[in-house]
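Coordinate analysis (summary)
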Number of protein chains: 4
Amino acid sequence: MLIVMDQKANPQDIAAVIKAIEARGYTARPIPGGERVAIGILNNEGPVDAALFLALPGVKDAIPVTRAYKLVSREFKPEDTVIKVGDVCIGSGGLTIIAGPCAIESEAQALTIAGHVKRSGAQLFWGGAFKPRTSPYSFQGLGQEGLKILARVREKTGMPVVTEVMDFETFELVEQYADVIQIGTRNMQNFSLLKRAGRATKPILLKRGMAATIDEWLMAAEYILEGGNSNVILCERGVRTFVHHSRNTLDLSAVPVVRKESHLPIIVDPSHAAGRRDQVIPLSRASVAVGAHGLMVEVHHDPAKALSDGGQSLYPDQFEMMCRHVRSIYHILQNRKDDK
Amino acid sequence: MLIVMDQKANPQDIAAVIKAIEARGYTARPIPGGERVAIGILNNEGPVDAALFLALPGVKDAIPVTRAYKLVSREFKPEDTVIKVGDVCIGSGGLTIIAGPCAIESEAQALTIAGHVKRSGAQLFWGGAFKPRTSPYSFQGLGQEGLKILARVREKTGMPVVTEVMDFETFELVEQYADVIQIGTRNMQNFSLLKRAGRATKPILLKRGMAATIDEWLMAAEYILEGGNSNVILCERGVRTFVHHSRNTLDLSAVPVVRKESHLPIIVDPSHAAGRRDQVIPLSRASVAVGAHGLMVEVHHDPAKALSDGGQSLYPDQFEMMCRHVRSIYHILQNRKDDK
Amino acid sequence: MLIVMDQKANPQDIAAVIKAIEARGYTARPIPGGERVAIGILNNEGPVDAALFLALPGVKDAIPVTRAYKLVSREFKPEDTVIKVGDVCIGSGGLTIIAGPCAIESEAQALTIAGHVKRSGAQLFWGGAFKPRTSPYSFQGLGQEGLKILARVREKTGMPVVTEVMDFETFELVEQYADVIQIGTRNMQNFSLLKRAGRATKPILLKRGMAATIDEWLMAAEYILEGGNSNVILCERGVRTFVHHSRNTLDLSAVPVVRKESHLPIIVDPSHAAGRRDQVIPLSRASVAVGAHGLMVEVHHDPAKALSDGGQSLYPDQFEMMCRHVRSIYHILQNRKDDK
Amino acid sequence: MLIVMDQKANPQDIAAVIKAIEARGYTARPIPGGERVAIGILNNEGPVDAALFLALPGVKDAIPVTRAYKLVSREFKPEDTVIKVGDVCIGSGGLTIIAGPCAIESEAQALTIAGHVKRSGAQLFWGGAFKPRTSPYSFQGLGQEGLKILARVREKTGMPVVTEVMDFETFELVEQYADVIQIGTRNMQNFSLLKRAGRATKPILLKRGMAATIDEWLMAAEYILEGGNSNVILCERGVRTFVHHSRNTLDLSAVPVVRKESHLPIIVDPSHAAGRRDQVIPLSRASVAVGAHGLMVEVHHDPAKALSDGGQSLYPDQFEMMCRHVRSIYHILQNRKDDK
């Protein structure tokens, strides 16, 4: 943290700030400038509370300088993390496509969709068993019955399965069935759940919170790594802004920023960002073009009858076309490396 | 929901939309207009997925009309809910002030602060025992030891105590000690926790999520009421916007909107909105002036040594002054009723 | 600006950054820390472009430290600016209420409303002659005819008048008639207009842009002061956020921040923030309670027939009640000073 | 507009709303539903003010249904608009790349950069002569001298030139020199400037305002078309959100939405969205992949010495690589049409 003093701060003000810094066990380093003095704070463990200093006389501003995450940062581990799920590698070196219905509705539904998406080239199957719903009156998912159906999909198709966990109570159950466990956007800062995920034996797919900065998102991942589980896949899915022509605003610059800042793989979910089918395909292309390691897309063979989010699900033939296009775009990006 | 058709939509398009509406079990009601046709959707239980219709040929827009919450709405229960905690009534007819330290650090700290805030006129004592922290390396609260200290504060001062619950696992424990149980901003859509809160025997203080619309917030409260607990206090605490001169942007228009829309009491937490001490007092005055039923304010007698959020905590003498001013403002608002 | 180096940056990286800083004519000051080096940039005139350094090898971040405005800052001029318009003083020491119709429609309408608001205690009359409208098909104001009506209102009531200027072409005309000239939210960064306002002989009321930070807003005021006109009144009127229950989100923490940062007076316009009548009165109370120097409120005696923004205009009797309440609240704040 | 009545609204309330609708010259059409009545408003010219009805007894909500723009809409003109500038066609059927320095600094600088970008495949040259700057102390552009340099660039390279106009006073001058006239993000709702642009003889490149909805943006374009100039190119350049890892958040879903809603061409400016060089190339790829008709990118051969925005400018070799990649991606999209 850097404490910026007022132009008119006097030596007593500066001395008082230094004393306040040292009172918290940090080191203070004054930096005299042309117009004013600034004071660096060194040797802090964890984040420093700016407001502690803002109220002192003569202080103009308090500016955070370093970030508090460690294990997730590229400074800590320069090489890309690649996560192996069955035969699939998620991360640098390939494009991973995860697809399936928002909610598992029946074995027949799941197997039908799984067949379609596998033929089109999806490597992992997504299906929701426990569903976080804004309204208590909406369909809440099949629960354990949904997990069993996922197991049968894996058995019959060979595809690893991804599903969401909503709480501590059902974590162990989900862990038994899933190959990758999703923590959803509304739980990104459910710290009890993150700690439990840190003890999980399966990779975690951590969606970005709807209003989370990248720092907060990486700090949420830090909880999982700090707990002992270093297999975390980040997933950008749109943030909440004033814009209302899509359900959320897909923040694609997050992809290059995360790739620079962290070694963890990052994929994109255009379905929840868009909230409507006709935007999903263009946003999928853009997500791969910007450099994501993969996509997570909702597909349904009969969306008009879907019990959840049918309107944003692709039809199987749309998904098939999307896969072809994004793979072509990915191919261009791979060849691009020769340019450098 | 209202489906708005394109000016050039033909009768087949319109018929197909009507069929799609009826396929989901709803009733369709076409409304011919001057330039175009609109189609109302009636008899839906729960929210309708706009995207289901947006992709049909000839559809221009799909506009939600009614809201999905019921039990929390003033249409369902016109008279104000007043929640009794010990001798304190929260809701219409009084101004409730909740105050205390962000985190309980020791019995001495808690009792010192409790003494101060009680003398200044706080009716409930706030203290954090389980702390949701962005970083895994920050102080996470004293846990059960903190709850025991809260019980001693209640015993010695007579003030009911408010504290936060972070998960299902510790809910029962928190419920034993607390008089009011807080669900924090990051857990506003932790639906498992909301369902558990619906079975709680204590009132719930439900903070607004950092990026939650009022509809989503009321739907979160609906989960609790639907589970059987009708004692919910709403708490506005700022939303995330592009603005960075305060930690969050306090959305004070939420107070009149919630009071019109719902029968539940609504209070304001200016400390977390501001994130810095010098904004807390002016925002407290504004919160009472806008019509809140109460305030929730962080106070610490030695904020420079606080283990959490010291920089936004008021000094006891600032809190004392704040209480006098907001009570004067509240008095003006009470007399105002004679004007009507 | 502070350049933060990567932990693994080597001496060559650091030397290259210093060279790049000096190449732009600035002074570089390296600050070795525990884990990494930071480099301060000194002696820059005007803002420094962070991106110039972000792309250099070994650079982790570039953080702005000081702000670029000067004339508007309290560091430059510590005492409050008070602006005199006729007999009215705007700024520290009084509460100024500006009121009138969104648009001047006729002399009869303007005089009727002016009579009402004067009796209730408004000191300045507002009326729109040139109207910025989102749609080219909406009523665009009476133009010069509206200005003439304003002059007659001033003549008959003695109240100074405030009106908006939309462009350079009509600036001189507006300047002839108005006592205070408004630059609206959509023109806050119309730099040609700001430069013209710097040469004006009348005070400028500068509304905050819908998505402007306080720094950008003060920089817009800096254009006017730098041009030679030091009579600027700032007006907070709500910012654009994801929130849609009010037209904009009133950012009341801007009031204490601006009062700390600048010597210029700041008032609040709750009518445009709310966009609907039932929120205007509570937000007016909150604006005064938070410490604003004044209010700007739309009033219409027959809002159902208003040609612009009728739905957010107060009825005269509502305005009269509002004035009484905000004056009572202001009185409490004045007495508050004795507390210190 | 649809007026939604309260469940408990009585027949008198409904009659009063109908009367209020008719008093403004509109037609009211009541729609009885299962739980409540809604009332459609028909035959309105221009937008209806929701707040007019929200305050009436028994009214729960007022929901806008149709949009106010006409000439820019695809309903009005179904086929794509293609704008011809010299030999270049902007719009459906090709990918247009506009490139050049943020600000013209000298003839040598302009010609050097123009040579580079032409060789890489840019079709139009961008150069700023009048610069809108947040600070009055920043470089404001070369003005007319910059325009003359642009004319020489066109003469020597054959490329049409694009530059920004900031005000009415210099419009005619800019119109003499430019082939395409830009209206910048801060002037998107400078209605006087939009009206002048409606009388211009050159195409207008209209950047989206930093906090503008698509409706507001299209309404700004409507001003220009309504004035008689139907050659408008829309340009998405990022919106302001809580996100701070890029200067603005590029809203790529705006591209498919605008293409569906309007017949006008839409391009993307990734440079101003990113604000830093390392995000420009990935966002360029994403912009083409999402379906934009073109790109507008800042390029500088010596960005460290640029007088404006050097840190976001690409080096010529980066631009060359970018052109190759986006053309490959565009080629995939063109072939995609065979899939349908």
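Anything mentioned here points back to the structure above.
The paragraphs below set out a description of the structure included in this document. (Residues numbered from 1 in each chain as written. Chains lettered and ligands numbered in written order. Predicted model: local features only at pLDDT ≥ 70, side-chain atom pairs only at ≥ 80, totals over all residues. Heavy atoms only, no water.)

Attention now moves to the side chain of Ser120(C). Its place among the elements puts Ser120(C) in helix α3 (residues 107–120). The class of Ser120(C) is buried, set by a relative accessible area of 17%. (Helix = DSSP H or I, 4+ residues; strand = E, 2+ residues; numbered from the N terminus. Buried < 20%, exposed > 50% of the residue type's maximum accessible area, 1.4 Å probe, protein only.)

Moving on, we get to the sheet that holds strand β7 (residues 96–100) of chain C. Residues and elements named next belong to chain C. Spatial ordering of the closed barrel is given by β7-β8-β9-β10-β11-β12-β13-β14, a layout of 8 strands whose pairing is parallel. Recorded for the sheet is a direction-independent mean angle of 25° between the axes of neighbouring strands. In the sheet, β7 pairs with strand β14 (residues 294–298) via 5 bridges, with the strands oriented parallel. The residue of β14 that forms the bridge with Ala99 is Val297. Sheet strands touched by helix α7 (residues 214–226): β11 (204–207), β12 (232–236) and β13 (266–268). Its angle to β12, the strand with the most contacts, is close to 160°. Across the sheet, helix α10 (residues 277–290) is in contact with β13 and β14; its angle to β14 comes to roughly 165°. (Pairing = 2+ DSSP bridges. Axes fitted to C-alpha atoms, helices over the stretch in contact; angles between N-to-C directions. Contact = heavy atoms within 4.5 Å.)

Okay, the relation of the copies chain D and chain A next. Think of it as a corkscrew move, a rotation about one axis and a shift along it, taking one chain copy to the other. Overlaying chain D on chain A yields an RMSD of 0.0 Å, the required transformation being a rotation through 180° with an accompanying axial translation of 0.0 Å. Considering both components of the superposition, the chain copies are consistent with a two-fold axis. Among all residues of chain D, the one whose C-alpha sits closest to the rotation axis is Ala286(D), at a distance of 2.0 Å. Both copies present the same face, since 100% of the interface residues in chain D are matched by interface residues at the equivalent positions in chain A. (Least-squares fit on C-alpha atoms with pLDDT ≥ 70 in both.)

This part is about the packing of aromatic side chains. A full pass over the atoms with the stated rule returns 4 aromatic pairs over all chains. Taking the ring centre of Tyr137(A) as reference, the NZ or CZ of Lys70(B) above it sits at 5.8 Å. (Phe/Tyr/Trp six-rings, centres within 6.5 Å; stacked < 30°, edge-to-face > 60°. Lys NZ or Arg CZ within 6 Å of the ring centre and 35° of its normal.)

Now for the relation of the copies chain B and chain A. For these two chains of identical sequence, chain B goes onto chain A by a turn of 180° and a shift of 0.0 Å along the axis, with RMSD 0.0 Å. A shared binding surface is used by both copies, with 100% of the interface residues of chain B retained as interface residues in chain A.

At the junction of the two partners, chain B supplies 48 residues and chain A supplies 48 residues. At the boundary of chain B with chain A, total buried surface from both sides reaches about 4,100 Å², with 53% on carbon and sulfur atoms. Between chain B and chain A we count 2 salt bridges in total. Close ionic contact of Arg240(A) with Glu216(B) constitutes a salt bridge, the shortest N to O distance being 2.6 Å. Among the secondary structure elements, those contributing two or more residues to the side of chain B that touches chain A are α2 (51–54), α6 (191–197) and α7 (214–226) of chain B. Split by residue class, the side of chain B that touches chain A holds 20 nonpolar, 13 polar and 15 charged. (Buried area = accessible area lost by both parts, 1.4 Å probe. Salt bridge = Lys/Arg side-chain N within 4 Å of Asp/Glu carboxyl O. Nonpolar A, V, L, I, M, F, W, Y, C, P; charged D, E, K, R; others polar.)

What follows deals with the packing of helix α10 (residues 277–290) of chain A against helix α10 (residues 277–290) of chain D. α10(D) packs onto α10(A) with a crossing angle of 155° between their chain directions and a minimal axis gap of 7 Å. The orientation of α10(A) with respect to α10(D), classified from their angle, is roughly antiparallel. With respect to the hand of their crossing, α10(A) and α10(D) are arranged in right-handed fashion. Contact residues: Pro282(A), Leu283(A), Arg285(A), Ala286(A), Ala289(A) and Val290(A) in α10(A); Pro282(D), Leu283(D), Arg285(D), Ala286(D), Ala289(D) and Val290(D) in α10(D). (Parallel < 35°, antiparallel > 145°, perpendicular 65-115°, else oblique. Left-handed = near helix turned anticlockwise from the far one by under 90°.)

So, on to the interface of chain D and chain A. Every contact between the two is made by 41 residues of chain D and, on the other side, 41 residues of chain A. For the pair chain D and chain A, the summed buried area comes to about 3,100 Å², and 68% of that belongs to carbon and sulfur atoms. On the surface where chain D and chain A come into contact, there are 2 salt bridges. Linking Asp278(A) and Lys260(D) is a salt bridge whose minimum nitrogen-to-oxygen distance equals 3.4 Å. At the level of elements, α8 (254–261), α10 and α11 (316–336) of chain D are the ones that each hand at least two residues to the side of chain D that touches chain A. When grouped by side-chain class, the residues that make up the side of chain D that touches chain A number 21 nonpolar, 10 polar and 10 charged.

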